[in-house]
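# Close look at the chain arrangement
Here are the chains, one letter per residue:
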Amino acid sequence: MEYKGVLVFIEQRNKEVQKVSLELLGKGRELADKLGVDLTAAVLGYDIENISDELIHYGADKVVIVDDKRLKYYITEPYTKALKKVIDNEMPEIVLIGATSIGRDIGPRVSARIHTGLTADCTSLDIDEENKNLLMTRPAFGGNIMATIVCPEHRPQMATVRPGVMQKIQKDINRVGNIEFFDVNLSDNDVNVEILEIVKEEKKKINIEDAKVLISGGRGIGNKENISILKELSNELKGEVSGSRAVVDEGWIKKDRQVGQTGKTVRPDLYFACGISGAIQHIAGMEDSEFIVAINKNKEAPIFEVADLGIVGDLKKVIPALVEEIRVSKL
Ligand code: FAD
């Protein structure tokens, strides 16, 4: 039997499909259409049949459900075993996994067990028109080059993609597809970890990937106190504050607000880069924003190359003036 089709590993938590999985279904749909094959969504969990319709509405032709009480919560070993069995059974030519903490755990384990390669943190995926191989592109050498990686000798071709990089397709409630249950014959011996308690972190969770407006600060803001300048603007525009790695390293903002290659990939309607030079690793995380405003006192700063609107000036003067203008316009 030959390897055929595209398979997306669907990450669900408490029966809720994670955003990245819907984004991967969008990309998977495009790849499957280019190859003229089916798109399968593989979902593991317990009592999860209800989520299959959503997966079909977002592009899947087929949903394979592995329903087992031992899969209620993510545990490395039973999940790895189950996904491997699904792949052995389905024999897809492409497997896509979200580069979340779960995806980064299960992806390499499964790829090792099925003796194939895995390209992590891809930023673009396409099909080679000539030989139909998957072209997996990701930053390499500290982000200084973009490398396109192929896996011509082994199947399936596996890739992980970070949340926010791909786009989900328009939900279509009229789409139809097949739903199949697959028994992987797990036993209690496969569960080598016992979950005693799940403790949710209390802090207010902000997800800069969901913000429509981001006010991002770089080293140019000068010190931690000046974050308040960014906050004033973000309050006026109902946005969130984010930043470059430099400000995270300085301890001026938290790591979960970092934009870029080793932070989050964001795509807001409006992105302000304030005192950010525009290093390739930063740009990789924000260049797909709808409208980019850069404020920098150095007119040669590379950030201006990706900006839709560039303001050369001192952010400590420009931002308060902007806030004042917005306030006046609201009167
Ligand atoms: P700088 O490069 O120091 O730039 C500061 C800018 O502020 C300058 O352009 C300056 O002209 C301007 N400025 C100064 N004062 C003012 C003022 N008063 N008003 C207006 N402008 C002013 N970086 C990320 O951001 N995200 C990542 O995920 C990331 N991942 C990385 C991964 C790797 C493997 C590596 C090697 C690096 C990574 N980096 C990342 C770091 C990246 O290379 C840069 O060092 C970093 O983005 C620089 O941050 P910055 O622009 O805030 O600071």
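Residues numbered from 1 in each chain as written. Predicted model: local features only at pLDDT ≥ 70, side-chain atom pairs only at ≥ 80, totals over all residues. Heavy atoms only, no water.

## A few points about the site of the ligand
Taken together, 26 residues lie around the ligand, and Ser244, Thr262, Ser277, Gln281 and Asn296 are the ones closest in. One of the backbone nitrogen or oxygen atoms of Arg219 is found 2.8 Å away from an oxygen atom of the ligand. Take Ser244: an N or O atom from its side chain is 2.6 Å from an oxygen atom of the ligand. For the ligand, the protein covers 78% of the area, taking 990 Å² as the surface of the free molecule. Taken together, the elements giving at least two residues each to the shell around the ligand come down to helix H6 (245-249), helix H7 (280-283) and helix H9 (315-330). Taken together, the residues of the shell around the ligand break down into 5 nonpolar, 16 polar and 5 charged. (Near = heavy atom within 4 Å. Polar contact = N/O pair within 3.5 Å; in protein donor to acceptor, adjacent residues only side chain to side chain. Areas by Shrake-Rupley, 256 points an atom, 1.4 Å probe, with all protein chains shown as cover. Helix = DSSP H or I, 4+ residues; strand = E, 2+ residues; numbered from the N terminus. Nonpolar A, V, L, I, M, F, W, Y, C, P; charged D, E, K, R; others polar.)

## Notes on the sheet that holds strand S8 (residues 124-127)
Strands sit in the order S8-S9-S10 across an open sheet of 3 strands; the sheet is antiparallel. Looking at which strands have only one partner, the edges of the open sheet turn out to be S8 and strand S10 (145-149). For this sheet the average axis-to-axis angle between neighbouring strands, irrespective of direction, equals 25°. Here strand S9 (residues 134-140) runs beside S10; their pairing, made up of 5 bridges, is antiparallel. When the bridges of S10 are listed, Met136 appears paired with Ile149. (Pairing = 2+ DSSP bridges. Axes fitted to C-alpha atoms, helices over the stretch in contact; angles between N-to-C directions.)

## Overview of the environment of Lys34
The topology assignment puts Lys34 in helix H1 (residues 19-35). Separated by 94 residues in the primary sequence, Lys34 and Asp128 have C-alpha atoms spaced 9.8 Å apart. In this structure Lys34 touches Asp126 and Ile127, once residues within four positions along its chain are discounted. (Contact = heavy atoms within 4.5 Å.)

## Some words on the pattern of salt bridges
Taken as a whole, this structure holds 26 salt bridges when the rule is applied. Where Lys62 meets Glu90, a salt bridge forms, and the shortest distance between an N and an O atom there is 2.8 Å. With Lys62 in strand S5 (residues 62-67) and Glu90 in helix H3 (residues 76-90), the pair connects residues that are 28 residues apart, well separated along the chain. Neither residue differs from the other here; Lys62 and Glu90 are each classed as buried. In this structure, the salt-bridge partner of Asp68 is Arg70, at a minimum N-O distance of 3.0 Å. Assessed through its relative accessible area of 12%, Asp68 is described here as buried. Through salt bridges that share partners, Lys27, Glu30, Lys34 and Asp126 make up one connected network. (Salt bridge = Lys/Arg side-chain N within 4 Å of Asp/Glu carboxyl O. Buried < 20%, exposed > 50% of the residue type's maximum accessible area, 1.4 Å probe, protein only.)

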